[in-house]
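Each chain, letter by letter, is given below.
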Amino acid sequence: MSFNLQQDDEELIEQHDINVTPFIDVMLVLLIIFMVAAPLATVSVPVELPSIDSETKVSEQKPTYLTLQKDLSLVIGEKQSVTKTQLVDTLLQQRITYEQAILIRADRSVDYGDFVDLLNVLSKAGYKNIALVGLEKSQASQQ
């Protein structure tokens, strides 16, 4: 409650206006508190992950690079050209085991269907450790 003090009037007259500035300040502080606390209150799915007893093994074998070029020709390593029909036999002749990693480098312009055909040939032959090679963003922007 506030009073109007004027020098003319000797009576104190009540004013029924509320000072809302402290109320707004308190509401803004509460709003900030809830905005900060709300993301912390979300419950994530509790999962207890199993621990691994064995040590991680570093692969002692070098991976085999298989390059699929624009003209759909295949190159094993850096120099040995091979056709798709000779691919599996050539890999076995080079003593590339089914557990050894095969890293595929495919040209950007190669059709997706041709790329999937190559993956099918390798998987039907029994090679399951197949990975794809790409350039990092910083290397790609330089070219």
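Computed from a predicted model, the values in this text were never measured in an experiment.

Analysis parameters
- Residues numbered from 1 in each chain as written.
- Predicted model: local features only at pLDDT ≥ 70, side-chain atom pairs only at ≥ 80, totals over all residues.
- Heavy atoms only, no water.
- Helix = DSSP H or I, 4+ residues; strand = E, 2+ residues; numbered from the N terminus.
- Expected span 1.5 Å × (residues − 1).
- Buried < 20%, exposed > 50% of the residue type's maximum accessible area, 1.4 Å probe, protein only.
- Contact = heavy atoms within 4.5 Å.
- Pairing = 2+ DSSP bridges.
- Axes fitted to C-alpha atoms, helices over the stretch in contact; angles between N-to-C directions.

With that settled, the discussion passes to unusual backbone geometry. A positive phi angle, near 65 degrees, is found at Leu72, a position not held by glycine. Within the fold, Leu72 resides in the loop between strand S3 (64-68) and strand S4 (74-76).

Let's shift gears to helix H3 (residues 112-125). A rise of 1.5 Å per residue sets the reference length of H3, with its 14 residues, at 20 Å; its end C-alpha atoms lie 20 Å apart and thus fit the reference within 8%. The first or second residue beyond H3 is Gly126, which carries a positive phi of 110 degrees.

Attention shifts here to the side chain of Thr64. By the secondary structure assignment, Thr64 is in strand S3. A relative accessible area of 10% places Thr64 in the buried class. Each residue touching Thr64, except ones within four places of it in the same chain, is listed here: Ile76, Leu91, Ile96, Gln100, Ala101, Ile102 and Leu103.

For the rest of this paragraph, the subject is the pairing of S3. Most of S3 sits out of view: four of its five residues are buried. Alignment of S3 against strand S6 (residues 102-106), held across five bridges, turns out to be parallel. Across the sheet, residue Tyr65 finds its bridge partner in S6, namely Leu103. The pairing of S3 with S4 spans three bridges and is classified as antiparallel. Looking across to S4, one finds that Leu68 is bridged to Leu74. A loop of five residues connects S3 with S4, the two strands running antiparallel in sequence, and Leu72 in this loop sits at a positive phi of about 65 degrees.

This next bit is on the sheet that holds strand S7 (residues 130-132). Read from one edge of the open sheet, five strands run S5-S4-S3-S6-S7, paired in mixed fashion. Among the strands making up the open sheet, the edge pair consists of strand S5 (80-82) and S7. Geometrically, the sheet is characterised by an average inter-axis angle of 30 degrees between neighbouring strands, direction not taken into account. Pairing geometry for S6 and S7, over three bridges, is parallel. Residue pairing across strands places Ile104 opposite Leu132, the latter belonging to S7. Lying on the sheet, H3 is in contact with S3, S4, S6 and S7; it crosses S6 at an angle near 165 degrees.

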